[in-house]
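Chain by chain, the residues:
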Amino acid sequence: MNNISTTTLTMKREFAVTRERVFDAWLNPDMMRKWFFTLEGTNKVTRNNPQVCGTWEIVDHREGKDYRAIGEYLEIDPPKKLVFTFKMPQFSELADTITVELTETEQGCAMTFTQLIHVVEEENWTESDIKKALVEWHDSTEHGWYYMFMGLKELLETGEISYKG
């Protein structure tokens, strides 16, 4: 069995809506299919059972391929905190852990998003190979969430997403 390294991605976002609305966007399938790992036009499946030990699944169809993301809810404390696993079985059997924390602000709310990213080390990797892989995974994951959070902000603040990624 190969070793596993981890890196932590933390992102902060502000929203001009209540934290209840942001929390709902993470759990409501009608909202999820518009921004969470998918867009309405490419979404094939959005399923979830938002309770502790409940699961979620999203299938997105891009460039002729289906991409499936699944996970399990570990903690649900509306409207303050959500913790769940995130896994894409076609790429890895490892599940990342995502924590979403929401606090009230004068303008609406602030979201702190944290993802513990697991990377399987290849045979013969050196320390520098491991560091390089962790940076690449961190940066590509951050890039993906950057666009998702842009869409989430637009969706919550204007009711629709203009960006089509």
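Here's what I pulled together on the structure shown here. Position numbers for residues start from 1 in each chain and track the written sequence from start to end. Where totals are concerned, whole chains, interfaces and linings use all residues; where local detail is concerned, this predicted model gives features only for residues with pLDDT of at least 70, and gives and counts side-chain atom pairs only at 80 or more. Values reported for side chains reflect all heavy atoms of the structure, with hydrogen atoms and water molecules removed beforehand.

### Focus: the pattern of salt bridges
Logical step 1: By convention in these notes, a salt bridge is any Lys or Arg side-chain nitrogen within 4 Å of a carboxyl oxygen on Asp or Glu. Scanning the entire structure with this criterion turns up 10 salt bridges.
Logical step 2: Here Glu57 and Arg68 are joined by a salt bridge, their closest N and O atoms 2.7 Å apart. Placement of the pair is Glu57 in strand S3 (residues 55–62) and Arg68 in strand S4 (residues 65–77), with a sequence separation of 11 residues.
Logical step 3: Each of Arg47, Glu57 and Arg68 takes part in salt bridges that share partners, so that together they form one network. Numbering of helices and strands runs from the N terminus; a helix is a DSSP stretch of H or I covering at least four residues, while a strand is a stretch of E covering at least two.

### Side note on the packing of aromatic side chains
Logical step 1: Ring geometry is summarised as follows: Phe, Tyr and Trp rings, the Trp one being its six-membered ring, pair when their centres sit within 6.5 Å, and such pairs are stacked at plane angles under 30 degrees, edge-to-face over 60 and tilted between the two. In total, this model carries 22 aromatic pairs according to the counting rule given.
Logical step 2: Measuring from ring centre to ring centre gives 6.5 Å for Phe36 and Phe86, while their planes differ by 85°; the resulting arrangement is edge-to-face. In this pair, Phe36 sits in the loop between helix H2 (29–35) and strand S2 (43–48) while Phe86 sits in strand S5 (residues 81–86), placing the two residues 50 residues apart along the sequence.
Logical step 3: Judged by relative accessible area, Phe36 falls into the buried class, the value being 2%. Working definition: with a 1.4 Å probe on protein chains only, accessible area under 20% of the residue-type maximum means buried, over 50% means exposed, and in between means partly exposed.

### With respect to the packing of helix H1 (residues 19–27) against helix H3 (residues 127–158)
Logical step 1: The convention used is that axes are lines fitted to C-alpha atoms, helices contributing only their stretch in contact, and that angles between N-to-C directions extend from 0 to 180 degrees. Relative to each other, H1 and H3 sit at 125°, their axes nearing to 11 Å. In this view, H1 runs oblique relative to H3, as classed from their interaxial angle. In the packing of H1 onto H3, the handedness of the crossing is right-handed. Two secondary-structure elements touch here, H1 through Arg21, Val22, Ala25 and Trp26 and H3 through Trp145, Phe149, Leu152 and Leu156.
Logical step 2: For this scheme, ten residues count as nonpolar: Ala, Val, Leu, Ile, Met, Phe, Trp, Tyr, Cys and Pro. Four count as charged, namely Asp, Glu, Lys and Arg, and the remainder, Gly too, count as polar. A per-class count over the contact of H1 with H3 returns seven nonpolar, no polar and one charged. Orientation labels follow simple angle bins: below 35 degrees gives roughly parallel, above 145 gives roughly antiparallel, 65 to 115 gives roughly perpendicular, and whatever is left gives oblique. Left-handed is the label given to a crossing in which the near helix is rotated counterclockwise from the far helix by less than a right angle, and right-handed is the label when the rotation is clockwise. Here a residue-residue contact requires only that any non-hydrogen atoms of the pair lie within 4.5 Å.

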